[in-house]
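Topology and contacts: notes
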Amino acid sequence: MKTESYLEYSEEVEEAIQTARPVVALESTIISHGMPYPQNLETAHAVSEIIRSQGAVPATIGIVNGKIKIGLNDEELEIFAQNEEVLKVSRRDLASVLSQKQHGGTTVAATMICAYMAGISVFVTGGVGGVHRQGESTMDVSADLIELSQTRVAVVCAGIKAILDIPRTLEVLETYGVPVIGYQSRDFPAFYTRSSGCKAPISLDSPEKIAQLMELQWELGLKSGILIGNPVPEKEAMAEEEIKMAIEQALMEAAEKSILGKEITPFLLDKIKDLTAGKSLQSNIALVKNNARLGAQIAMAFQTEKRK
Ligand code: PSU
Ligand code: MN
């Protein structure tokens, strides 16, 4: 059985690959498990439009009836936005969902795997998973970090959410040899806010410089991905104190209800949205759009870099 038989490209992506136009991957867990309807669908469309407006081609990746779709069409996006049967698919779930011909929203880890199979080097998301708080005893460390250590894709995010243990997440990324970049920022961002209080290991100020680093990293034969933290725009950032309190409250409720494993991130996101009366969702939407713009610019610059 060939891997290729599981991959299906949208017409738009197929054409982009044939004509060597830059493609930007997008994940689908953010649609199926990260945002409520209809904001999830509206955001998915808006983000694709932003990527097109920058001259690149969007490829939202997800699993439909056991096929890995590289580029979801409007009908397929509806499935991810509304269908309760869409599973959250990380690395370990891929083979199971494909073999049982199910639908799956791909996480950062699973999207990186599929993007790499499809030859896509840049991937845009909101937030990546990391080391959970108390992760040193629960051992809840997202498979996203392991994937970043072994799959050659550059991931644009708005940092690591404060629901996680940010300093420990950065430690693990260092151990795994993943270049971590703060875009136009000396601090690594914290998703809803512009700074986590942790220094960004590398700070770069242009898509071209990021593209050069990507090219060199992989030219050297290093197999890891690259993580780019793009701070949420100032006017859309959450107030530090408000988001901190919402996160504490959401974490307490998760502990009371003994929510664990793959359920915890979606649970916390939803709780935080309610506790902030929807403000966290507005921030989330704004930062994903902001990341799409940067991701498309990096993909364009990387294309030029490869031709040198
Ligand atoms: N952070 C968000 N929104 C999301 C996620 C993270 O702000 O939707 C999703 C991403 O798909 C990420 C996944 O890859 O959660 C991480 O889940 P886990 O911690 O179970 O690995
Ligand atoms: Mn986990």
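Up top is the structure.
So, here's what we can say about the structure. A quick note: this is a predicted structure, and the numbers were derived from the prediction, not measured.

Calculation criteria
Throughout this document, residue positions are counted from 1 along each chain, in the order its sequence is written. The lettering of chains begins at A and the numbering of ligands begins at 1, in the order of writing. Reporting in this predicted model follows two pLDDT cut-offs: at least 70 for local features of residues, and 80 or more for side-chain atom pairs to be given and counted; totals over whole chains, interfaces and linings ignore these cut-offs and use all residues. Only hydrogens and water are set aside when side-chain values are computed; all heavy atoms of the structure are taken into account. Strands here are runs of E lasting at least two residues and helices are runs of H or I lasting at least four, both read from the DSSP assignment and numbered beginning at the N terminus. Working definition: with a 1.4 Å probe on protein chains only, accessible area under 20% of the residue-type maximum means buried, over 50% means exposed, and in between means partly exposed. For helices, the axis comes from a line fit to the C-alpha atoms of the stretch in contact; other axes are also lines fit to C-alpha atoms, and the angle between any two N-to-C directions lies between 0 and 180 degrees. For any helix crossing, the convention is left-handed if the near helix is rotated counterclockwise from the far helix by under a right angle, and right-handed if that rotation is clockwise. We call two residues contacting when some pair of their heavy atoms lies within 4.5 Å. Ten residues, namely Ala, Val, Leu, Ile, Met, Phe, Trp, Tyr, Cys and Pro, are considered nonpolar, four, namely Asp, Glu, Lys and Arg, are considered charged, and the remaining ones, Gly among them, are considered polar. To be near a molecule or strand, a residue needs just one of its heavy atoms within 4 Å of it. In the analysis that follows, any N or O atom pair within 3.5 Å is treated as a polar contact, provided that within protein one partner can donate a hydrogen and the other can accept it, and provided that, for residues neighboring in sequence, both atoms belong to side chains. Computed by Shrake-Rupley with a 1.4 Å probe, the accessible areas treat only the displayed protein chains as cover when residues are assessed. Salt bridges are identified by distance alone: a Lys or Arg side-chain nitrogen within 4 Å of an Asp or Glu carboxyl oxygen. Pairing of aromatic side chains here covers Phe, Tyr and the six-membered ring of Trp, requires ring centres within 6.5 Å, and sorts the geometry by plane angle: under 30 degrees stacked, over 60 edge-to-face, intermediate tilted.

1. Side note on unusual backbone geometry
- That bond from Y37 to P38 is cis: its omega, 5°, falls within 30 degrees of zero.
- Along the polypeptide, P38 turns up in the loop between α2 (29-34) and α3 (39-53).
- The backbone of A20 sits at a positive phi, close to 55°, despite the residue not being glycine.
- The residue A20 is located in the loop between α1 (11-18) and β2 (23-26) in this model.
- Residue classification places A20 among the partly exposed residues on the basis of a relative accessible area of 40%.
- With a phi angle near 50°, Q184 is a residue other than glycine that sits in the positive phi range.

2. Here we look at the packing of α3 against helix α4 (residues 74-82)
- Across the interface, α3 lies against α4 with an axial gap of 9 Å and an inter-helix angle of 145°. Read as a crossing pair, α3 and α4 show a hand that is right-handed. Within the contact between the two elements, α3 uses N40, L41, A44 and H45 and α4 uses D74, L77, E78 and A81.
- Partitioning the contact of α3 with α4 into residue classes produces four nonpolar, two polar and two charged.

3. A closer look at the site of ligand 1
- Around ligand 1, 15 residues are found, and the nearest of them are E27, K88, S142, D144 and K161.
- Here an oxygen atom of ligand 1 and a side-chain polar atom of S142 are 2.7 Å apart.
- Between ligand 1 and D144 there is a distance of 2.7 Å, counted from an oxygen atom to a side-chain nitrogen or oxygen.
- Contact with the protein chains hides 94% of the accessible area of ligand 1, taken as 470 Å² for the molecule alone.
- Secondary structure elements with two or more residues in the shell around ligand 1: α2 and α12 (264-275).
- The greatest single-element share of the shell around ligand 1, amounting to three residues, is contributed by α2.
- In the shell around ligand 1, the residues fall into four nonpolar, seven polar and four charged.

4. Overview of the environment of T60
- Within the element layout of this structure, T60 appears in strand β3 (residues 57-64).
- On the basis of relative accessible area, T60 is assigned to the buried category, the value being 5%.
- In sequence terms T60 and S48 are twelve residues apart; their C-alpha atoms lie 8.1 Å from each other.
- When neighbours within four sequence positions are excluded, T60 is seen to be in contact with L26, E27, I31, S48, K69, I70, G71, L72 and L77.

5. Here's the deal with the pattern of salt bridges
- This model, assessed by the stated rule, comprises 17 salt bridges.
- Ionic pairing is found between R168 and E136, a salt bridge with its closest N-O pair at 3.6 Å. Placement of R168 in helix α9 (residues 166-175) and of E136 in helix α7 (residues 135-138) is noted, with a sequence separation of 32 residues between them.
- Judged by its relative accessible area of 51%, E136 falls in the exposed class.
- Close ionic contact of D205 with K209 constitutes a salt bridge, the shortest N to O distance being 3.0 Å.
- Linked by salt bridges that have partners in common, E8, K69 and E76 make up one network.

6. With respect to helix α6 (residues 108-117)
- With eight of ten residues buried, α6 is to be regarded as a mostly interior element.
- Here α6 has its buried residues at V108, A109, A110, T111, M112, I113, C114 and A115.
- Near the N-terminus of α6, the side chain that reaches the backbone nitrogen of A109, with its oxygen 3.3 Å away, is that of T107.
- G119 lies just past α6 and shows a positive phi near 75°.

7. Here's the deal with the packing of aromatic side chains
- Here the structure, examined in full by the defined rule, presents two aromatic pairs.
- Ring centres of F191 and Y192 lie 4.8 Å apart, and the angle between their planes is 90°; this geometry places the pair in the edge-to-face category.
- Residue F191 is classed as buried on the basis of its relative accessible area, which comes to 1%.
- On the basis of relative accessibility, which here comes to 2%, the residue Y192 falls in the buried class.
- Between W218 and F302, the ring centres sit 5.9 Å apart and the planes meet at 90°, which makes this aromatic pair edge-to-face. With a gap of 84 residues between them, W218 in helix α10 (residues 207-219) and F302 in helix α13 (residues 279-307) connect regions that are remote in the sequence. Here W218 and F302 have matching classes, each one buried.

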